[in-house]
Amino acid sequence: MNVSQHGNSYYVQVTKGERVIASLTAFAKEHGLGAGTISGIGALTDVELGFYELGTKTYHRETFSDAFELLNLTGNISVVDGEPFVHAHLERGHD
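Summarised in this report is the structure supplied together with it.

Reading guide: rules and limits
The numbers attached to residues start from 1 for each chain and follow its sequence in the written order. Only residues with pLDDT of at least 70 are given local features in this predicted model, and only at 80 or more are side-chain atom pairs given and counted; all residues enter the totals for whole chains, interfaces and linings. Note that the side-chain values use all heavy atoms of the structure and ignore hydrogens as well as water. In this description a helix means any DSSP run of H or I spanning at least four residues, a strand means any run of E spanning at least two, and both kinds are numbered starting from the N terminus. Only protein chains enter the area calculation, which uses a 1.4 Å probe; residues under 20% of their type maximum are buried, those over 50% are exposed, and those in between are partly exposed. We define a salt bridge as a side-chain nitrogen of Lys or Arg found within 4 Å of a carboxyl oxygen belonging to Asp or Glu. Note on pairing: DSSP must find at least two bridges between two strands before they are called paired. Note on geometry: axes are C-alpha line fits, over the in-contact stretch for helices, and angles between N-to-C directions span 0 to 180 degrees. Here, two residues are considered to be in contact whenever any of their heavy atoms come within 4.5 Å of each other. Only residues whose relative accessible area exceeds 30% and that take part in no salt bridge are eligible for patches, with like-charged residues grouped when within 9 Å of each other and nonpolar side chains (Val, Leu, Ile, Met, Phe, Trp, Tyr) grouped when within 5 Å. The accessible surface values rely on the Shrake-Rupley method and a 1.4 Å probe; as for residues, cover is taken only from the protein chains in view.

Secondary structure assignment for the protein yields one helix and five strands. When the helices and strands of the protein are read in sequence order from the N terminus, they spell out β-β-α-β-β-β. Once the C-alpha set of the protein is aligned to its principal axes, its extents read approximately 40 × 30 × 20 Å. Counting all 95 residues of the protein, 16% fall into the buried class.

Our next topic: the pattern of salt bridges. Applying the stated criterion to the full structure yields two salt bridges. Across the salt bridge formed by Glu48 and Arg61, the nearest N and O atoms sit 3.8 Å from each other. Here the residue Glu48 occupies a position in strand β3 (residues 36-53), and Arg61 occupies one in strand β4 (residues 58-80), the gap between them amounting to 13 residues.

This next bit is on the sheet that holds β4. Taken together, the three strands give an open sheet; going across it, the order is β3-β4-β5, and neighbouring strands pair in antiparallel fashion. Whereas interior strands pair on both sides, the edge strands pair on one side only; in this sheet they are β3 and β5 (83-92). Averaged over all pairs of adjacent strands, the angle between strand axes in this sheet comes to 55 degrees, irrespective of strand direction. Bridge count for β3 against β4 is 16 bridges, and the pairing is antiparallel. Bridge pairing links Thr45 to Ala67 in β4. Its contacts with the sheet place helix α1 (residues 20-30) against β3, β4 and β5, and it is angled at close to 145 degrees to β5.

Okay, unusual backbone geometry next. Despite not being glycine, Asp46 shows a phi value in the positive range, around 45 degrees. Within the secondary structure layout, Asp46 lies in strand β3. A positive phi angle is found at Asp81, which is not glycine, with a value near 50 degrees. Look at Asp81 and you get exposed, because its relative accessible area is 80%.

Nonpolar side chains collect at one region of the surface, where Tyr52, Leu54 and Tyr59 lie side by side and expose about 380 Å² of accessible area between them. Position of Tyr52 relative to the elements: it lies in strand β3. We classify Tyr52 as partly exposed; its relative accessible area is 39%.

Just distances and angles here, no functional claims.
Okay, here's the thing in structure tokens:
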């Protein structure tokens, strides 16, 4: 992970092979971040995507092993049970 800071903002580059959410969570914990916004672009492989189905109140997850272009990643950092929690949504490129 490569990090630079400009004022109150951090620019984080998650490097190839790193897990995005786990890396951002570890970063937030290391820097004592309890709130923040996230945005990003890039590429992903071996990604697990999920969504919450309100009607059945269940999460559905699916893993994709292909490489995808990450067109948009938006989310936030909050604190859940005393620990940083990263919540993110993404839009991936299609063939």
